[in-house]
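# Summary of the model geometry
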Amino acid sequence: DGGITQSPKYLFRKEGQNVTLSCEQNLNHDAMYWYRQDPGQGLRLIYYSQIVNDFQKGDIAEGYSVSREKKESFPLTVTSAQKNPTAFYLCASSITQNSNQPQHFGDGTRLSIL
Amino acid sequence: AQSVSQHNHHVILSEAASLELGCNYSYGGTVNLFWYVQYPGQHLQLLLKYFSGDPLVKGIKGFEAEFIKSKFSFNLRKPSVQWSDTAEYFCAVNVKAAGNKLTFGGGTRVLVKP
């Protein structure tokens, strides 16, 4: 089945540690996205990538970093600079970066600070 | 920058009742509009979308939405809900000229009582 796989489902981090969330897609989509979901705030865009080896900051990129070395992979690193990292993180992809392409979402990773 | 507001954070209703969820956006240019749904334990999935043409769009599972440009609104409706419609619903917008960067509303949690 084609889809987006996020791992792990739950992740715990000690303060001061960096942690990397995995996102893999086998849909052959060019564009990929990372969102953060907080209760009552909907989803907010962290980073997005239109194509391999390219990515841009979204609305709340501070304290996060990404890479896009392969088409199917778009890992997100939550760095120690992110002051409030506890959240639900969602990865998405779309065929292209055209605005009329619906985004497909993974099941998410819930990150908690110990 | 555009913003999206959903008027109700929580809605509780009985089976067979009608549902209408409000969504307003702020942006003066040409937009695409989406409704996504997140059922308990499942990933976010597309319910319906509006790009152009007939402002009344029909989606999956009997949902429809009406785009009223003069009111900057894209309200979601279903004439008769079922228990299985219990979910969180998100309205989202992107700007046609700015790629596929979605701005989401805060979400509305809908609980349908059997």
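Throughout what follows, the structure given in this document is the object of discussion. (Residues numbered from 1 in each chain as written. Chains lettered and ligands numbered in written order. Predicted model: local features only at pLDDT ≥ 70, side-chain atom pairs only at ≥ 80, totals over all residues. Heavy atoms only, no water.)

## Quick word on the overall build of chain A
We apply this condition: Where helices and strands are cited, they refer to DSSP runs of H or I of at least four residues and of E of at least two residues respectively, numbered from the N terminus. Using C-alpha atoms as the atom set, the radius of gyration is obtained and then compared with a globule rule of 2.2 Å times the number of residues to the power 0.38.
A count of helices and strands for chain A gives zero helices and 11 strands. In chain A, the succession of helices and strands from N to C terminus is β-β-β-β-β-β-β-β-β-β-β. For 114 residues, the compact-globule estimate of 2.2 N^0.38 gives 13 Å, and chain A sits close to it at 13 Å. With the principal axes as the frame, chain A shows a C-alpha extent of 35 × 30 × 30 Å.

## Topic: the overall build of chain B
What counts, and what does not: Only the protein chains shown count as covering a residue, and every accessible area follows the Shrake-Rupley method with a 1.4 Å probe. Counted as positive: Lys and Arg. Counted as negative: Asp and Glu, with His and the chain ends omitted from the count. By convention, the charge on Lys lies at NZ, on Arg at CZ, on Asp at CG and on Glu at CD.
Looking only at helices and strands, one finds zero helices and 12 strands in chain B. Along chain B, from the amino end to the carboxyl end, the secondary structure elements read β-β-β-β-β-β-β-β-β-β-β-β. For a compact globule of 114 residues, the expected C-alpha radius of gyration is about 13 Å, and chain B comes in at 14 Å, within 12% of that figure. In terms of overall dimensions, chain B has a C-alpha envelope of 45 × 25 × 20 Å along the principal axes. Carbon and sulfur atoms provide 54% of the accessible area of chain B, an area that totals close to 5,400 Å². Measuring between centres, the 11 positive side-chain charges of chain B sit 6 Å from its 7 negative side-chain charges.

## Some details on the interface of chain A and chain B
To be explicit about the condition: In this analysis, two residues are considered to be in contact whenever any of their non-hydrogen atoms come within 4.5 Å of each other. Take the accessible area each of two parts loses on contact, using a 1.4 Å probe, and add the two losses: that sum is the buried area. Only one rule defines a salt bridge in this text: a Lys or Arg side-chain nitrogen within 4 Å of an Asp or Glu carboxyl oxygen. We call two N or O atoms a polar contact when they sit within 3.5 Å, provided that within protein one can donate a hydrogen and the other can accept it, with sequence-adjacent residues counted only if both atoms are side-chain atoms.
With 22 residues of chain A at the interface, the matching set in chain B holds 21 residues. Taken over both partners, the interface formed by chain A and chain B buries close to 1,600 Å², and the fraction arising from carbon and sulfur atoms is 53%. Of all residues in chain A, L43, S99 and F105 of chain A bury the most surface against chain B, accounting for 32% of the area lost on that side. In this assembly, chain A and chain B are joined by zero salt bridges. Summed over the shared surface of chain A and chain B, the result is 13 residue pairs in polar contact (both at pLDDT 80 or more).

## As for the pairing of strand β12 (residues 108-113) of chain B
Remark: a regular strand shows side chains that alternate across the two faces of the sheet. Residue and element names in this part refer to chain B. Our working rule: Relative accessibility decides the category of a residue: with a 1.4 Å probe and only protein chains considered, values under 20% of the type maximum give buried, values over 50% give exposed, and everything between is partly exposed. The criterion for strand pairing is that DSSP finds at least two bridges linking the strands in question.
Across the two faces of β12 the burial differs, with T108, V110 and V112 buried and R109, L111 and K113 not buried at all. Alignment of strand β2 (residues 10-14) against β12, held across five bridges, turns out to be parallel. Paired with S14 across the two strands is K113, which belongs to β12.

## Examining the pattern of salt bridges
Taken as a whole and judged by the stated rule, the model has eight salt bridges over all chains. Among the salt bridges present, the one from D38 of chain A reaches R36 of chain A, with a minimum N-O distance of 2.7 Å. Accessibility classification places D38 of chain A together with R36 of chain A in one group, the buried group. The network of salt bridges with shared partners includes K58, E64, E66 and R77 of chain B.

## Notes on the side chain of Q6 of chain A
Residues and elements named next belong to chain A. As for its placement among the helices and strands, Q6 is situated in strand β1 (residues 4-7). Polar contacts involving the side chain of Q6 include one to the main-chain carbonyl oxygen of Y89, which spans 3.0 Å. A polar atom in the side chain of Q6 sits 2.9 Å from the backbone nitrogen of C91.

## Observations regarding the nonpolar core
Stated precisely, the cut-off is as follows: In this text, buried Ala, Val, Leu, Ile, Met, Phe, Trp, Tyr and Cys residues form a nonpolar core when linked through side-chain atoms within 4.5 Å.
Membership of the largest hydrophobic core comes to 28 residues, with the highest contact counts inside it found for W35, L48, F74, L76 and Y89 of chain B. If you look at the next biggest cluster of nonpolar residues, it comprises 19 residues, including L21, V66, A87 and L111 of chain A.

## As for the layout of surface pockets
Formally: In the cavity and pocket records, a cavity denotes points on a 1 Å grid over the protein atoms alone where a 1.4 Å probe fits but cannot get out, a pocket denotes an open set with protein on both sides within 12 Å along at least 5 of 7 lines, and lining residues are residues with an atom within 4 Å of a point. Grid points are joined across faces, edges and corners, and a volume is the space filled by probe spheres set on the points. Gly is placed with the polar residues, together with every amino acid not listed as nonpolar (Ala, Val, Leu, Ile, Met, Phe, Trp, Tyr, Cys and Pro) or charged (Asp, Glu, Lys and Arg).
In this structure, the largest pocket occupies an estimated 750 Å³ of space. Along the walls of the largest pocket sit 32 residues, with F88 and R110 of chain A together with Q38, E88 and R109 of chain B positioned nearest its centre. Residue assignment for the lining of the largest pocket shows that the elements contributing at least two residues are β4 (31-38) and β9 (87-94) of chain A together with β2, β10 (87-95) and β12 of chain B. In the lining of the largest pocket, the residues fall into 12 nonpolar, 14 polar and six charged.

## Some thoughts on the sheet that holds strand β7 (residues 64-66) of chain A
All names here are of chain A. For the record, the criterion: Fitted lines through C-alpha atoms give the axes, limited to the stretch in contact for helices. The angle between two N-to-C directions lies from 0 to 180 degrees.
Here four strands make up an open sheet; going across it, the order is β1-β3-β8-β7 and the pairing antiparallel. The sheet is open, and its two borders are formed by β1 and β7, each paired with just one other strand. If you compare each strand with its neighbour and ignore which way they point, the axes differ by 20° on average.

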